[in-house]
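Each chain is listed here by its residues.
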Amino acid sequence: MRSNIVTEAGLPTRIKQWWGSIPFITSGVVIVCSVIYLICLLFGYDSFYEICFLPSQVVSHFQVYRFYTSVLFHGSILHVVFNMLAFVPLGSELERIMGSVRLLYLIILLSTTNAILHLIVALLVDHNPFHPYAYFMNECSIGFSGVIFSLIVIETSLSGAQSRSVFGLFNVPSKLYPWILLVLFQLLASNVSLLGHMCGILSGFAYTFGLFNYILPPPSFYASIESSSALSFCIRRPGFILCTGSTTYGQLPTYSSGTGTTAPRSLLPDNLWRNMSSWIPRRETSVIQEGQDPRFPGRGRTLGSTRNQSNTTDSDSNLQERLLDDTTTTHAPTDLRDVRNPTVTTVEVDGSVLTNQGSDSFEEELKKLVAMGFEKTQAEVALAAADGEPSVAIEILMSQQG
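Residues numbered from 1 in each chain as written. Predicted model: local features only at pLDDT ≥ 70, side-chain atom pairs only at ≥ 80, totals over all residues. Heavy atoms only, no water.

### Points about the UniProt feature "domain: UBA" (unreviewed entry) in the protein chain
Within this numbering scheme, the UniProt entry marks residues 361-400 as carrying the feature "domain: UBA" (unreviewed entry). In residues 361-400, helix accounts for 80% and strand for 0%; the two terminal C-alpha atoms are 24 Å from one another. (UniProt positions renumbered as here; feature names shortened; annotations may be inferred. Helix = DSSP H or I, 4+ residues; strand = E, 2+ residues; numbered from the N terminus.)

### Considerations on the pattern of salt bridges
What the rule picks out here adds up to one salt bridge. For arginine 164, the salt bridge goes to glutamate 155, with nearest N and O atoms at 3.0 Å. Arginine 164 gets classed as buried once you look at its relative accessible area, which sits at 18%. (Salt bridge = Lys/Arg side-chain N within 4 Å of Asp/Glu carboxyl O. Buried < 20%, exposed > 50% of the residue type's maximum accessible area, 1.4 Å probe, protein only.)

### Description of the environment of phenylalanine 240
With respect to the secondary-structure elements, phenylalanine 240 resides in the loop between helix H11 (232-235) and helix H12 (272-279). Owing to a relative accessible area of 1%, phenylalanine 240 belongs among the buried residues under this scheme. Measuring from C-alpha to C-alpha, the distance between phenylalanine 240 and phenylalanine 24 comes to 4.9 Å, with 216 residues separating the pair along the chain.

### Comments concerning the confidence of the model for the protein chain
Regions with low pLDDT should not have their predicted coordinates read in detail. Taken over all residues, the pLDDT of the protein chain has a mean of 75, while the share at 70 or more is 69%. The model gives residues 326-356 a pLDDT under 50, and that stretch makes 46 contacts with residues more than four places away or in other chains. (pLDDT = per-residue confidence, 0-100. Contact = heavy atoms within 4.5 Å.)

### Remarks on the side chain of glutamate 155
Tracing the backbone through its elements, the reader meets glutamate 155 in helix H7 (residues 145-159). Engagement of the side chain of glutamate 155 in a polar contact is seen with the side chain of arginine 164, the distance being 3.0 Å. Residues within four places of glutamate 155 in sequence aside, it is in contact with Leu90, Glu93, Leu94 and Arg164. (Polar contact = N/O pair within 3.5 Å; in protein donor to acceptor, adjacent residues only side chain to side chain.)

### What to know about the UniProt feature "transmembrane region" (unreviewed entry) in the protein chain
What UniProt calls "transmembrane region" (unreviewed entry) maps, in this numbering, to residues 21-45, 65-91, 103-121, 133-154, 166-188 and 194-216. For the annotated span residues 21-45, helix accounts for 80% and strand for 0% of the residues, and the straight-line distance between the end C-alpha atoms is 33 Å. Its end C-alpha atoms 26 Å apart, residues 103-121 is made of 100% helix and 0% strand.

### Digging into the packing of aromatic side chains
Going through the model one piece at a time under the given rule, you end up with 16 aromatic pairs. Arranged with centres 6.5 Å apart and planes meeting at 70 degrees, the rings of phenylalanine 48 and phenylalanine 73 form a pair that is edge-to-face. In this pair, phenylalanine 48 is assigned in the loop between helix H2 (24-43) and helix H3 (55-61) and phenylalanine 73 in the loop between helix H4 (66-72) and helix H5 (77-98), connecting sequence segments 25 residues apart. Accessibility classification places phenylalanine 48 together with phenylalanine 73 in one group, the buried group. On the basis of an interplanar angle of 10 degrees and a centroid distance of 6.3 Å, the ring pair of tryptophan 179 and phenylalanine 205 is categorised as stacked. With tryptophan 179 in helix H8 (residues 177-188) and phenylalanine 205 in helix H9 (residues 194-208), this residue pair connects regions lying 26 residues apart in the sequence. Put simply, the rings of Phe82, Phe149, Phe167 and Phe185 touch in pairs and so form one group of aromatic residues. Here arginine 66 stacks its cationic end above the ring of tyrosine 49, 5.9 Å away from the centre of that ring. (Phe/Tyr/Trp six-rings, centres within 6.5 Å; stacked < 30°, edge-to-face > 60°. Lys NZ or Arg CZ within 6 Å of the ring centre and 35° of its normal.)

Printed below as a string of structure tokens:
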């Protein structure tokens, strides 16, 4: 007789559940950094001189690639493990707030601004007229910790908390929290880049204060990326979070369009992001329907055209025969495939034309999703990504809410 005892989940199950709860971009960063470290470990690559952020080499040889390679490489197993464990809760929270594409853009932006600030400070210290100090120009820095410090500042600002706990030992004001961490890491750890971490904090505050609003793309840019054919597979992943459906709280810096009398003008042309969006490949449609939204391609695509082509042809011919025989007009299709098939069927009866457009079925499915409680914009993006398949769209929407 089996005992009626409930046992707790084992360690492998807990690890699997923990990993499954991490959003798409956050888990992707963890995988990329871990794989790069394992490859370096297998091939015995441990000099890092060619890929680290070295201000002297950036200035003398214009090696801008160091802005990004230095972020992805780590010096030891403890280095990569500690950074990734610190990044997972921060990245997960911010990805649920901003969305996956916006977080990826934010990481690239912070990597760039951190390196630029690092370079400027190193040059100023090296060329100051009172006491030139060339140490920072020759300091070789690697690791994701500079971006992590920036994300700490941003997440603390968005949370609205007045105080933060430092390792569960004592609470400090939120504005001082990143600076306290900076001092503690300098005292407790060795071989730590003070300038790299400090520039990360400064970039985080610059983002929260809106200084980067000039180079932030508009929401339509993220929407065009999410509706592109290149990301159709990623959007179907359970951990992918749409920018239109992400949870927002606090004050999230937004794009400055430069319109109005008091708003500052952007450093980039107003139509730059729009032009960049036009370069992104879109999903092709087999039928061009009037009134189709260009942000969500695929509405006019025939679902299951290879599987149900013969059945659809028979259904259309039977429908035409019934319409020719009967004196009344029937608008409702008799097969479920007719409802979900976005092709345009035209039948002529006594000189009159009956048209069944696929856009009507798309709008009907969209209304059903909205009636189920989903947000309209998010439901529209999910339904377009699912190629009009309501069951797949519901799975995408449920994964975003989970």
